[in-house]
Amino acid sequence: MSFVVFSDDIFFTRSAGGLMPIDSLREENLCIIDIESFFSLHDIKHRVCNELTDGYSIIFVKGRGMLSKVLSSLEGISRTASVTEFIQYINEGRRYTVYHILTIIDSLRELRNLTHTEISVACALRRQINITATSQLLHCSTKAVYQRVSALAQKMNLRYGTQIQYFLYREYTIEELQQINCMKHRPDTSVFQNNGSTPHL
């Protein structure tokens, strides 16, 4: 079996690597992903596709940052957990398949839970520097944009308009959001289906 850690924290990587013998009796390969080490969902997907095979199972380590909130639907272990808690989670905690993770990330990145109007607001927000400029671009009141942005943030498990704007900036180019907006009424089409690698078989 293989045991790998995706993290930019050297101390965390070494500490997690020391837990490898605990998982040695399992037949499947294991990857621990430190969510807070990644800039975007796209970056997580890219690394999973390029470095993991379908034979890996995945455990998430979550923090208090934006990506951990966006991925709040996934179970994981806190970055501040004790060694004992980590050991217990490795033995008993939720593991995900590579396919499951890629499916969830694609769903989130394609903004499938947003309406066409909400995606249009997201496109405008990505283009502008603040809510006022966004309202001018959309030719509507600042109050209306605030309400839409608040709804966007809530659907992405974020709390503030600034968080959703930061997420959009880190996750998408303006062109990608426009493509999502155009494809919203074509549910049979995956916007990112040809834009990334697939797991090695």
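All values derive from a computational prediction rather than experimental measurement.

Peer 1: Quick question: what am I supposed to make of the overall build of the chain here?
Peer 2: Across its full length, the chain holds ten helices and five strands. Here the chain holds 201 residues, and the buried ones make up 45% of them. A separation threshold of at least 6 residues defines the contact pool for the chain, and within that pool the share at least 24 residues apart is 71%. Working note: accessible area of the chain is about 10,900 Å², and carbon and sulfur atoms make up 52% of it.

Peer 1: Would you mind showing me how to read helix H2 (residues 41–51) here?
Peer 2: Helical geometry: 3.6 residues make up each α-helical turn, so side chains three or four residues apart lie on a common side. When H2 is considered as a whole, its buried residues turn out to be Leu41, Ile44, Lys45, Val48 and Cys49. Around the axis of H2, the buried residues are gathered within 125° of arc, so they sit on the same side. At its buried positions, H2 is contacted by strand S1 (3–6), strand S2 (29–34), helix H3 (66–70), helix H5 (98–109) and helix H9 (161–171).

Peer 1: Would you take a moment to explain the packing of aromatic side chains for this structure?
Peer 2: Scanning the model with the defined rule gives three aromatic pairs in all. Above the ring of Phe12, the side-chain terminus of Arg79 is found at 5.0 Å from the ring centroid. Between Arg170 and the ring centre of Phe39, over which it is positioned, the NZ or CZ distance is 4.4 Å.

Peer 1: Just checking my understanding: could you explain the nonpolar core for this structure?
Peer 2: The nonpolar side chains of a soluble globular protein tend to be buried with one another. Membership of the largest hydrophobic core comes to 45 residues, with the highest contact counts inside it found for Ile164 and Phe167. Dropping the residues within four chain positions of it, Phe167 is found in contact with Leu41, Met66, Val70, Met156, Leu158 and Tyr172. Core analysis: the second largest hydrophobic core is formed by 13 residues, Ala16, Ile59, Ile77 and Ile90 among them.

Peer 1: Would you mind going over the pattern of salt bridges with me for this structure?
Peer 2: When charged atoms on two side chains of opposite charge get close, those side chains can pair. For the structure on display, the rule yields eight salt bridges. Its salt-bridge partner being Glu171, residue Arg109 comes within 2.7 Å of it at the nearest N-O pair. Here Glu171 lies in helix H9 and Arg109 lies in helix H5, a separation of 62 residues in the sequence. The class for Arg109 is buried, based on a relative accessible area of 2%. With a closest N to O distance of 2.9 Å, Glu110 and Arg112 form a salt bridge. Judged by its relative accessible area of 8%, Glu110 falls in the buried class. Through salt bridges with shared partners, a single network forms among Asp9, Asp34 and Arg79.

Peer 1: I keep staring at the side chain of Asp34 and nothing clicks. Help me out?
Peer 2: Note that Asp34 resides in strand S2. Since its relative accessible area comes to 0%, Asp34 is described here as buried. Side-chain polar atoms of Asp34 contact the side chain of Ser37, separated by 2.7 Å. Once residues lying within four places of it in the same chain are set aside, the contact partners of Asp34 are Phe6, Ser7, Phe12, Val61 and Arg79.

Peer 1: Any chance you could explain the environment of His100 here in plain terms?
Peer 2: Relative to the helices and strands, His100 is located in helix H5. When the C-alpha atoms of His100 and Ser57 are compared, they prove to be 9.8 Å apart, with 43 residues separating the residues in sequence.

Peer 1: For this particular structure, what's the right way to read the side chain of Asn29?
Peer 2: Locating Asn29 in the fold gives a position in strand S2. A polar contact is formed between the side chain of Asn29 and the backbone nitrogen of Ser2, at a distance of 2.7 Å.

Peer 1: I tried to follow the packing of helix H7 (residues 131–138) against helix H8 (residues 142–155) on my own but got confused; where do I start?
Peer 2: When two helices pack together, their arrangement is given by the angle between their axes and by how far apart the axes lie. Interhelical geometry of H7 versus H8 gives an angle of 110° and a closest axis separation of 9 Å. Judged on the interaxial angle alone, H8 and H7 are roughly perpendicular. For the pair H7 and H8, contact is made by Ile131, Thr134, Ser135 and Leu138 and by Thr142, Val145, Tyr146 and Val149, respectively. Among the residues forming the contact of H7 with H8, the class breakdown is five nonpolar, three polar and no charged.

What counts, and at which threshold
- In this numbering scheme, every chain counts its residues from 1 along its sequence in written order.
- Residue-level local features of this predicted model are given only where pLDDT is at least 70; pairs of side-chain atoms are given and counted only at 80 or more, and the full residue set underlies all totals for whole chains, interfaces and linings.
- In computing side-chain properties, one takes all heavy atoms of the structure into account and sets aside hydrogens as well as water.
- Helix and strand definitions here come from DSSP, where helices need a minimum of 4 consecutive H or I residues and strands a minimum of 2 consecutive E residues; each element is numbered from the N-terminal end.
- For the exposure calls, accessible area comes from a 1.4 Å probe over protein chains only, and a residue counts as buried if that area is under 20% of its type's maximum, exposed if over 50%, partly exposed in between.
- Note on contacts: a residue pair is in contact if any heavy atoms of the two residues lie within 4.5 Å.
- To measure how exposed things are, a 1.4 Å probe is used in the Shrake-Rupley method; for residues, cover is taken only from the protein chains shown.
- This arc describes the spread of directions from the helix axis toward the C-beta atoms.
- Each aromatic pair joins two rings of Phe, Tyr and Trp (for Trp, the six-membered one) with centres within 6.5 Å, and gets the label stacked for planes under 30 degrees apart, edge-to-face for over 60, and tilted for any other angle.
- Any Lys NZ or Arg CZ that is within 6 Å of a ring centre and within 35 degrees of that ring's normal is treated as a charge sitting over the ring.
- Residues belong to one nonpolar core when they are buried, are Ala, Val, Leu, Ile, Met, Phe, Trp, Tyr or Cys, and are joined through side-chain atoms within 4.5 Å.
- The working definition used for a salt bridge is a side-chain nitrogen of Lys or Arg within 4 Å of a carboxyl oxygen of Asp or Glu.
- Counting of polar contacts relies on pairs of N or O atoms within 3.5 Å, with two restrictions inside protein: one atom must be capable of donating a hydrogen and the other of accepting it, and residues adjacent in sequence are counted only when both atoms are side-chain atoms.
- Axis definition: a line fit to C-alpha positions, over the contact stretch in the case of helices; interaxial angles, taken between N-to-C directions, run 0 to 180 degrees.
- Working rule for angles: under 35 degrees goes down as roughly parallel, over 145 as roughly antiparallel, 65 to 115 as roughly perpendicular, anything else as oblique.
- Residue polarity is assigned by list, with Asp, Glu, Lys and Arg as charged and Ala, Val, Leu, Ile, Met, Phe, Trp, Tyr, Cys and Pro as nonpolar; anything else, Gly included, falls into the polar class.

By themselves these figures say nothing about function.
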